[in-house]
2 protein chains.
Amino acid sequence: MNLKYSKQREAIKAFLMSRKDHPTADQIYTAVREDHPNISLGTVYRNLALLEEVGEIQRLHVNGNTDRFDADVSNHYHFVCDSCSCVQDIPMEMQVSLSAEAQKHFNGVIDYYNACFHGRCSDCKELQY
Amino acid sequence: MNLKYSKQREAIKAFLMSRKDHPTADQIYTAVREDHPNISLGTVYRNLALLEEVGEIQRLHVNGNTDRFDADVSNHYHFVCDSCSCVQDIPMEMQVSLSAEAQKHFNGVIDYYNACFHGRCSDCKELQY
DNA sequence: TCTAATATCAGTAATCGTTACTATTATTGT
DNA sequence: ACAATAATAGTAACGATTACTGATATTAGA
């Protein structure tokens, strides 16, 4: 793949690195537009796909409909609040033993896994459903 | 919620119970249409949402874009093949200790988690990428 | 520093999965 | 059998994403 520099791509990457909440493409678009008012939504999507392909960011599928993006490319645990739908990291070592255990019960080859915890975030834990 | 019987809903549920590969709404639509040629895609979506709400099926978000459906409503592990994209169950006890461990590193309340293993299914494990 | 090759862009149209709407049909309690 | 109303088929609309297109920006080489 033959990449050329672009300030739009740089702005997208920089914004993503500044955030820990794994924004959606549209949130990135809105944010980056403050410095680049003419940036197109298509440009955001294309660059997110490019950055993912190059391995500089990762795409998360934490809740179905809209993809989220993360500048931390390590495989780590996530949390989704069932009340406010916010997404956060869980700062905890990946337990690779779970893959090993699953392998005992599976006929193919298991390389890794993703896990997403659910419940109430610290802001929502006092609220009623 | 006040449900009335419908043969379409029954057909959807019956089909889903006969399958272990967690089909998409469109796959369900195509399959059920063999016995109910006039069924509408909207009817499939509406009944899947109803069945989910009533707790007779569950919706899976294993890989971003399209939802999958599972007549087994227990929380269990899934596997997605990175080669053919097939989805399977991993017949293994849920390790709730993972939630307990995550809770130590998280300020909110963790109720449960979903995990999705990745790798090569038994049909694909010999293939090259 | 100019130039040619080409990656990237903004803007817009198109696609895909899903949901909403509407007039008609089916189910169900009385 | 009937009235109330849930469910339907068909279609339009929606939100997220991708594809297209002619113009612009980057970059390597002369």
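Above this text is the structure in question.
Residues numbered from 1 in each chain as written. Chains lettered and ligands numbered in written order. Predicted model: local features only at pLDDT ≥ 70, side-chain atom pairs only at ≥ 80, totals over all residues. Heavy atoms only, no water.

Under the definition given, this model contains 8 aromatic pairs over all chains. Plain terms: the ring middles of Phe106(A) and Phe79(B) are 4.2 Å apart, the flat faces sit at 40° to each other, and that makes the pair tilted. With Phe106(A) in the loop between helix H4 (97-104) and strand E5 (109-120) and Phe79(B) in strand E3 (residues 77-81), the pair connects residues from two separate chains. Here Phe106(A) falls in the buried class, since its relative accessible area comes to 10%. Aromatic ring contacts, followed pair by pair, group Tyr77(A), Tyr113(A), Phe117(A), Tyr77(B), Tyr113(B) and Phe117(B) into a single cluster. (Phe/Tyr/Trp six-rings, centres within 6.5 Å; stacked < 30°, edge-to-face > 60°. Helix = DSSP H or I, 4+ residues; strand = E, 2+ residues; numbered from the N terminus. Buried < 20%, exposed > 50% of the residue type's maximum accessible area, 1.4 Å probe, protein only.)

Residue and element names in this part refer to chain A. Following the criterion strictly, the structure yields 10 salt bridges over all chains and no others. Salt-bridge contacts for Glu-52 lead to Arg-59; the nearest nitrogen and oxygen are separated by 3.0 Å. Residues joined by salt bridges that share partners form a network here, namely Glu-52, Arg-59 and Asp-67. (Salt bridge = Lys/Arg side-chain N within 4 Å of Asp/Glu carboxyl O.)

Time to look at the protein's contact with DNA strand D. Near DNA strand D lie 19 residues; those nearest to it are Tyr45(A), Lys4(B), Ser6(B), Thr43(B) and Arg46(B). The sugar and phosphate moieties of DNA strand D supply 81% of its atoms located within 4 Å of the protein. Within the backbone of Tyr5(A), a nitrogen or oxygen atom sits 3.1 Å from a phosphate oxygen of DNA strand D. Elements supplying a minimum of two residues to the surface near DNA strand D: helix H3 (41-54) of chain A together with helix H1 (7-17) and helix H3 (41-54) of chain B. At 3 residues, the largest contribution of residues to the surface near DNA strand D is made by H3(B). Across the surface near DNA strand D, the residue classes break down as 5 nonpolar, 8 polar and 6 charged. (Near = heavy atom within 4 Å. Polar contact = N/O pair within 3.5 Å; in protein donor to acceptor, adjacent residues only side chain to side chain. Nonpolar A, V, L, I, M, F, W, Y, C, P; charged D, E, K, R; others polar.)

Moving on to unusual backbone geometry. Residues and elements named next belong to chain A. One non-glycine residue with positive phi stands out, namely Ser-85, at about 65°. Along the chain, Ser-85 falls in the loop between strand E3 (77-81) and strand E4 (87-90). Using a relative accessible area of 37% as the deciding quantity, one classes Ser-85 as partly exposed.

For DNA strand C, the set of nearby residues contains 19 residues, the closest of which are Lys4(A), Ser6(A), Thr43(A), Arg46(A) and Tyr45(B). For DNA strand C, the fraction of atoms within 4 Å of the protein that belong to sugar or phosphate moieties is 80%. Take Ser6(A): an N or O atom from its side chain is 2.6 Å from a phosphate oxygen of DNA strand C. Separating a sugar or linking oxygen of DNA strand C from a backbone N or O atom of Asn38(A) is a distance of 3.4 Å. In terms of residue count, H3(A) provides more of the surface near DNA strand C than any other element does, 3 residues in total. Here the surface near DNA strand C is built from residues that sort into 5 nonpolar, 8 polar and 6 charged.

The next subject is the sheet that holds E5(A). Read across the open sheet, the 6 strands follow the order E4(A)-E3(A)-E5(A)-E5(B)-E3(B)-E4(B); overall the sheet is mixed. Edge positions in the open sheet fall to E4 of chain A together with strand E4 (87-90) of chain B, since each of these has one partner strand only. Between one strand and the next, the sheet's axes are offset by a mean angle of 30°, whatever the strand orientation. Judged from the 4 bridges that link them, E3(B) and strand E5 (residues 109-120) of chain B form a sheet pairing that is parallel. Bridging from a neighbouring strand, Val80(B) pairs with His118(B) of E5(B). On the sheet, H4(A) packs against E5 of chain A together with E3, E4 and E5 of chain B and is oriented at approximately 120° with respect to E5(A). Each of E3, E4 and E5 of chain A together with E5 of chain B touches helix H4 (residues 97-104) of chain B; the most contacted strand, E5(B), lies at about 120° to it. (Pairing = 2+ DSSP bridges. Axes fitted to C-alpha atoms, helices over the stretch in contact; angles between N-to-C directions. Contact = heavy atoms within 4.5 Å.)

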